[in-house]
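# Structural features, examined
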Amino acid sequence: MSASSRLRIDPSTNRPSINSFGDLSNFLRGSVADEDSLQFSESMAQLAAQVEAIIAGLRLNRVRTAVAPMLVDLLTVLRAHRHLVVNLGLPWRGLYEYAAYLQALNNFRVLVGQWLLDGGPRSAELLLTAEDFELIAWRTLGEGILLIDMYEQWTTSELQNESALGSIDEPQLERAIQWWKKLRL
């Protein structure tokens, strides 16, 4: 993992911290291992920005006419982000965290749809609170952060393995070739 993608350490707990969706966006901009990572991070940053706007809107009021259009826009952003995630390469899909993140995205999308339907279309106020929405959003985005982190660790270990193979001394390489030739006889 590159130094710029590391999380800021909270001095009081000595643990990494992201305290706002803005911090999350900054983290995502810094964690780029390759083109897939770049696209994934940018898409997650868009998702985080949309989530932050909805939380701010819900804190002001829960009037359906004000918040529902933002939730519908979020569904569009979620759909595009999910499409990107589904089309990530095999190295991403081979990670355990990939399936967990895809499930979290699907659950979030379903919940947004349910929140839009709760109370019926004639209800003046959504039953959704900013706290409930924020909890689910952090859980979902946290799964994405974990996926990015695990992918970066995997790519770093792959690069180290490749460089370790390239650093074999000439005598060791010659012995390995001789051993291989004996095996083939």
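Quick summary incoming for the structure in this document. (Residues numbered from 1 in each chain as written. Predicted model: local features only at pLDDT ≥ 70, side-chain atom pairs only at ≥ 80, totals over all residues. Heavy atoms only, no water.)

## Re the overall build of the chain
Basically, it comes down to this: A run of H or I in DSSP counts as a helix once it spans at least four residues, and a run of E counts as a strand once it spans at least two, with each numbered from the N terminus. Residue burial is assigned from relative accessible area. The probe radius is 1.4 Å, only protein chains are included, and a residue is buried under 20% of its type maximum, exposed over 50%, and partly exposed in between. What makes two residues a contact is simply this: any of their non-hydrogen atoms within 4.5 Å. Exposure was quantified through the Shrake-Rupley algorithm and a 1.4 Å probe, taking into account, for residues, occlusion by the shown protein chains and nothing else.
Regarding its fold elements, the chain presents seven helices and two strands. Order of helices (α) and strands (β) in the chain, N terminus to C terminus: β-β-α-α-α-α-α-α-α. Counting the 185 residues in the chain, one finds 36% classified as buried. For the chain, contacts bridging at least 24 residues in sequence account for 74% of all contacts bridging at least 6. For the chain, the computed accessible surface area is about 11,200 Å², with 56% contributed by carbon and sulfur atoms.

## Regarding a nonpolar patch on the surface
So the rule is basically this: For patch building, the residue pool is restricted to those with more than 30% relative accessible area and no salt bridge; the joining distance is 9 Å between like charges and 5 Å between nonpolar side chains (Val, Leu, Ile, Met, Phe, Trp, Tyr). The term salt bridge refers to a side-chain nitrogen of Lys or Arg lying within 4 Å of a carboxyl oxygen of Asp or Glu.
A cluster of nonpolar side chains, namely W179, W180 and L183, defines an oily patch on the protein surface of about 390 Å² accessible area. For W179, a relative accessible area of 54% translates into the label exposed.

## Side note on the packing of helix α2 (residues 35-60) against helix α3 (residues 64-86)
We apply this condition: Axes here mean lines fitted to C-alpha atoms, for a helix over just the part in contact, with angles spanning 0 to 180 degrees between N-to-C directions. Any angle that falls under 35 degrees is termed roughly parallel, while one over 145 is termed roughly antiparallel, one within 65 to 115 roughly perpendicular, and all others oblique. Handedness of a crossing is defined here by the sense of rotation of the near helix relative to the far one, left-handed for an anticlockwise turn of less than a right angle and right-handed for a clockwise turn.
With their axes 10 Å apart at the nearest point, α2 and α3 run at an angle of 165 degrees to one another. One way to sum up the angle between α2 and α3 is to call them roughly antiparallel. Considering how the two elements wind past one another, α2 and α3 form a crossing that is left-handed. Across the interface between the two elements, Q39, F40, S43, M44, Q46, L47, Q50, V51, A53, I54, G57 and L58 from α2 touch V67, M70, L71, D73, L74, V77, L78, H81, L84 and V85 from α3.

## Some words on the side chain of E143
So the rule is basically this: We treat Lys and Arg as the positive residues and Asp and Glu as the negative residues; His and chain ends play no part in the count.
With respect to the helices, strands and loops of the structure, E143 is situated in helix α6 (residues 130-166). Comment: no salt bridge for buried E143; closest opposite-charge side chain is R139, at 4.3 Å. When sequence neighbours within four positions are dropped, the list of residues in contact with E143 reads A100, Y101 and A104.

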